[in-house]
Amino acid sequence: MADFKNILTDMKGGVLHLTVNREDKMNALNFETLEELRSIFDEVSDNKEIKAVIITGSGEKAFVAGADISEIASLNEVNARKFSENGQEIFSMIENCHKPVIAVTNGYTLGGGCELAMACHLRIATANAKFGQPEVNLGIIPGYGGTQRLTILIGRGKANELMMTGDMIDAEEAKTLGLVNYVLPTKEEALAKAEELIAKILSKAPLAIGMIIDCVNSAYLPDENGFQTEANSFARCVKSGDYKEGTSAFLAKRQPHFKGE
């Protein structure tokens, strides 16, 4: 994988670790960083050596503290729409990736950072994590899918409250609301939990994992019949070698060896 200016990449046993590396800017997402994410996830989709992704932020203070305000301040109505649509497109790439993507959120996870975390399939927070969509304080709203994903994850009433007030919540409240899956005391422990979950997921059938992502996402698409997506995906699984391996292994009382085929 190519070197990037704002994102550090490290491959460990088929797991791509991405670290947003703008610590002096609280890892704020500028245009350049977003395009680096686009480039990375283009490769993640096509590179068979990459089995899963973990995303975190550099340092202890922030996962991603938001979008880069210096860039937002120069927007007008026309390029603001493009700004929003571009971010939505990149985060949709993450959400629809057929390989598991876990966010390890340390410190401030605000605005575009909260939206990035919500685009991932699972979220693990450190005890010092703070979540919020404070865009209303700037006279704007979340633009990278936050109004939609936050509502889906925590419900209409609480999503309205957080976005209208701009308030932050701590990691434990985020877990109670269903915004995060786990809370661990330190970043090291949170990363270890992410690696543990990925190891368990990667022991399962890769094609089935991808189908689960499709089906779960389809539950929130108003123009898609999620039940039909499920039936179609189930049929595609049954056509696979992994299905034959999984059922044969179960009947033979042995561990399956999936190939993603």
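Structural data are supplied above this passage.
Described below are features of the structure shown in this document. None of the values given here were measured: they were computed from a predicted structure.

**Quick look at the packing of aromatic side chains**
Reasoning step 1: This structure, assessed with the given rule, holds three aromatic pairs.
Reasoning step 2: When the ring of Phe91 is compared with that of Tyr144, the centres are 5.4 Å apart and the planes differ by 80 degrees; the resulting orientation is edge-to-face. Of this pair, Phe91 sits in helix α3 (residues 77–95) while Tyr144 sits in the loop between β8 (130–132) and α5 (146–154), and the two are 53 residues apart along the sequence.
Reasoning step 3: Among the residues examined, Tyr144 registers a relative accessible area of 3% and is labelled buried.
Reasoning step 4: Through a chain of ring-to-ring contacts, the aromatic side chains of Phe31, Phe83, Phe91 and Tyr144 assemble into a single cluster.
Reasoning step 5: Taking the ring centre of Tyr182 as reference, the NZ or CZ of Lys193 above it sits at 4.5 Å.

**Thoughts on the sheet that holds strand β9 (residues 168–170)**
Reasoning step 1: In space, the four strands of this open sheet follow the order β4-β6-β8-β9, with mixed pairing throughout. Each edge of the sheet is formed by a strand with only one pairing partner; in this case those strands are β4 (62–64) and β9. Taken pair by pair, the neighbouring strands of this sheet meet at an average axis angle of 25 degrees, ignoring direction.
Reasoning step 2: Examined bridge by bridge, β8 and β9 share three bridges and lie antiparallel to one another. Bridge pairing links Phe131 to Ile169 in β9.

**Quick notes on helix α10 (residues 226–238)**
Reasoning step 1: Between its first and last C-alpha, α10 extends 18 Å over 13 residues, near the 18 Å set by a 1.5 Å rise per residue.
Reasoning step 2: Those residues of α10 that fall on the buried side of the exposure criterion are Thr229, Ser233 and Cys237. Viewed along the axis of α10, the buried residues span an arc of 75 degrees, placing them on a single side of the element. Residues of α10 that are exposed and point more than 90 degrees away from the buried face comprise Phe227 and Phe234.

**So, the sheet that holds strand β2 (residues 15–20)**
Reasoning step 1: One open sheet holds the six strands; their spatial order is β1-β2-β3-β5-β7-β10, and the pairing between them is mixed. Single-partner strands in this sheet number two, and they are β1 (7–12) and β10 (182–184). Strand-to-strand twist across the sheet, computed as the mean angle between neighbouring axes with direction ignored, equals 20 degrees.

What counts and what doesn't
- Residues numbered from 1 in each chain as written.
- Predicted model: local features only at pLDDT ≥ 70, side-chain atom pairs only at ≥ 80, totals over all residues.
- Heavy atoms only, no water.
- Phe/Tyr/Trp six-rings, centres within 6.5 Å; stacked < 30°, edge-to-face > 60°.
- Helix = DSSP H or I, 4+ residues; strand = E, 2+ residues; numbered from the N terminus.
- Buried < 20%, exposed > 50% of the residue type's maximum accessible area, 1.4 Å probe, protein only.
- Lys NZ or Arg CZ within 6 Å of the ring centre and 35° of its normal.
- Pairing = 2+ DSSP bridges.
- Axes fitted to C-alpha atoms, helices over the stretch in contact; angles between N-to-C directions.
- Expected span 1.5 Å × (residues − 1).
- Arc of directions from axis to C-beta.

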